[in-house]
Amino acid sequence: MSQATQSKPGQTGGPRGKRAPVYGRGPPGGVKGNGDRPKRPRREPVEEVWIPKTNLGKKVASGEITSLEEIIESGLRIQEAGIIKKLLPDLKSEVVDVGIIQKMTSNGQSTRFKAIVAAGNENGYLGIGRGKSKQMRIAIEKATSQAFLNVNPIKLGCGSWECRCDQKHSVPFKVRGKGGSVTIEIIPAPRGLGLVAGGKIKRLLELAGLKDAWTTAKGSTPTMSSTSKAVLDCLRQTFSQG
């Protein structure tokens, strides 16, 4: 007769001696089996070195052009986002709105992503860009690059008759802009009032550098593609007319 083999805890009886599954939170003390393994260091994003490709980019890189106003007054076209990053190193970008675009094709349903990004330094510069792609990350990158290319200078001042100070906290005069079905009007306000505007419109004005202003909006304002275009059209007029 065959003798019965004694099974150890955690093992099943039998000739092969397979280990039975153990369910629980692990050994007492919270020490796991791979606790001594060193953690992998976090990979930091590497900034790409800008290499100018256009004549304007080479002039900016060499130091011949030192401000964005010189480019606008000379009527030159900016085709590289690195030019704006070189002239305005304190520029920061922020995602304003994201969405999904769905279209029915002969091969089935096609899905793409869209993004709207605003870039500003909160001191008189603002740009808005839009991007579309099959991946959300690529759509945001396209919109960010487009926002840098669309950066425009904004003239700040105090156009309120209640304030009449010499600080740059509002717009110098009343401006009106239109984008699609949306019409936005920005009115100068006295210092200390704040920005009387909706959530996303208020954030765009903050990126531009405004601290006090009244705003009125008409049309389909939830459509951010039209609303952002109207805000940028408003603020452009402060530099062109002033």
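Heads up: the structure comes first, above all this text.
Remember, it's a predicted structure, so these values are computed and weren't measured experimentally.

Asks: I'd like to hear about the side chain of N121, residue by residue, with values.
Replies: Mapped onto the elements, N121 comes out in the loop between β2 (108-120) and β3 (125-133). Polar side-chain contacts of N121 include one of 3.3 Å to the backbone nitrogen of Y125. Among residues more than four places away in sequence, those in contact with N121 are D90, L91 and L207.

Asks: Outline the sheet that holds β2, supporting the account with residue identities and numerical values.
Replies: In spatial order, the strands read β1-β2-β3-β4; together these four strands make up an open sheet with antiparallel pairing. Strands at the two margins of the open sheet, each flanked by one partner only, are β1 (92-105) and β4 (152-153). Of the pairings in the sheet, the one linking β2 to β3 comprises eight bridges and is antiparallel in character. In the strand pairing of β3, A119 is matched with G127. The strands touched by helix α4 (residues 136-149) are β1, β2 and β3; relative to β3, the strand with the most contacts, the crossing angle is about 150°. Strands β1, β2 and β3 of the sheet are contacted by helix α5 (residues 199-208), whose axis makes an angle of about 135° with β1.

Asks: Kindly report on unusual backbone geometry, identifying the contributing residues and their values.
Replies: A positive phi is found at E122, a non-glycine position, where the angle reads about 60°. Here E122 shows up in the loop between β2 and β3. Even without being glycine, R164 reaches a positive phi, approximately 55°. Under the relative-accessibility criterion, R164 is labelled exposed at 68%.

Asks: An account of the sheet that holds strand β5 (residues 175-179) is requested, with residue identities and associated values reported.
Replies: Read across the sheet, four strands follow the order β5-β6-β8-β7 without closing on themselves; strand pairing throughout is mixed. A single partner strand is all that each edge strand has here, and the edge strands are β5 and β7 (195-196). Pairing analysis gives six bridges linking strand β6 (residues 182-188) to strand β8 (residues 213-218), with the strands arranged antiparallel. Note on β8: the bridge partner recorded for I187 is W214.

Asks: Let's hear about α4: which residues, and what values?
Replies: Its 14 residues give α4 an end-to-end C-alpha distance of 20 Å, which sits within 8% of 20 Å, the value for a rise of 1.5 Å per residue. Of the positions making up α4, those classed as buried are A139, A143, T144, A147 and F148. Residues of α4 that are buried in the fold lie against α3 (81-87), β1, β2 and β3.

About the criteria used
Residues numbered from 1 in each chain as written. Predicted model: local features only at pLDDT ≥ 70, side-chain atom pairs only at ≥ 80, totals over all residues. Heavy atoms only, no water. Helix = DSSP H or I, 4+ residues; strand = E, 2+ residues; numbered from the N terminus. Polar contact = N/O pair within 3.5 Å; in protein donor to acceptor, adjacent residues only side chain to side chain. Contact = heavy atoms within 4.5 Å. Pairing = 2+ DSSP bridges. Axes fitted to C-alpha atoms, helices over the stretch in contact; angles between N-to-C directions. Buried < 20%, exposed > 50% of the residue type's maximum accessible area, 1.4 Å probe, protein only. Expected span 1.5 Å × (residues − 1).

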